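Observations on chain architecture
Listed below, chain by chain, are the residues.
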Amino acid sequence: MAEGVQKRLQTELEKFQTVQKDIAKHVGLRQQLDSQLSENTLVKEELDRLEDGATVYKMVGPALIKQDLVEARQNVQKRIDYINGELKRHENVIKDLEKKADSHRESLGKLQHQFQQAQVKAAAKA
């Protein structure tokens, strides 16, 4: 009986570790998005300070290309909106993964308890 519980315990532990890795991956992605959001917010603030008709250049590869100020503002705002959407999506994924991790943690606790009881019974028989 102890071997069966031990196998289930090992399987549950592997599932828990997988979920923990997924959480770490998504937290890292969320941090990257946070930094991108900060950068784009700064760019938007700088563009908002410019007077209408100001000359704006966009770097495309090694070249600077002249860009309309209104178009530049729209592009940055679209980027900010996209990043905010991605941040929300990652937040939801992280919450779901944390719920799974809690579920696995509870299962691990129960299985450890069962395994300990099985070991005690086996020791009592011997």
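Residues numbered from 1 in each chain as written. Predicted model: local features only at pLDDT ≥ 70, side-chain atom pairs only at ≥ 80, totals over all residues. Heavy atoms only, no water.

Turning our eyes to something else, we now look at the UniProt feature "coiled-coil region" (unreviewed entry) in the chain. The positions UniProt marks with the feature "coiled-coil region" (unreviewed entry) are residues 80-114. Segment residues 80-114 splits into 100% helix and 0% strand. End C-alpha atoms: 51 Å apart. (UniProt positions renumbered as here; feature names shortened; annotations may be inferred. Helix = DSSP H or I, 4+ residues; strand = E, 2+ residues; numbered from the N terminus.)

Of all hydrophobic cores here, the largest spans 10 residues; its members are Leu33, Leu37, Leu47, Val56, Leu69, Ala72, Val76, Ile80, Ile83 and Leu87. Residue assignment for this core shows that the elements contributing at least two residues are α1 (2-49) and α2 (69-125). By residue number, the principal contributor to this core is α2, which donates 6 residues. Core analysis: the next-biggest nonpolar cluster, separate from the first, contains 8 residues, Leu9, Val19, Leu97 and Leu108 among them. (Core = buried A, V, L, I, M, F, W, Y, C linked by side-chain atoms within 4.5 Å. Buried < 20%, exposed > 50% of the residue type's maximum accessible area, 1.4 Å probe, protein only.)

On to the layout of surface pockets, then. Empty space within the largest pocket amounts to approximately 160 Å³. Mapped onto the lining of the largest pocket, the elements with two or more residues apiece are α1, β1 (56-60) and α2. Residues of the lining of the largest pocket, tallied by class, amount to 6 nonpolar, 2 polar and 3 charged. (1 Å grid on protein atoms, 1.4 Å probe; cavity = no way out; pocket = protein on both sides within 12 Å on 5 of 7 lines; lining within 4 Å. Points joined across faces, edges and corners; volume = space filled by probe spheres on them. Nonpolar A, V, L, I, M, F, W, Y, C, P; charged D, E, K, R; others polar.)

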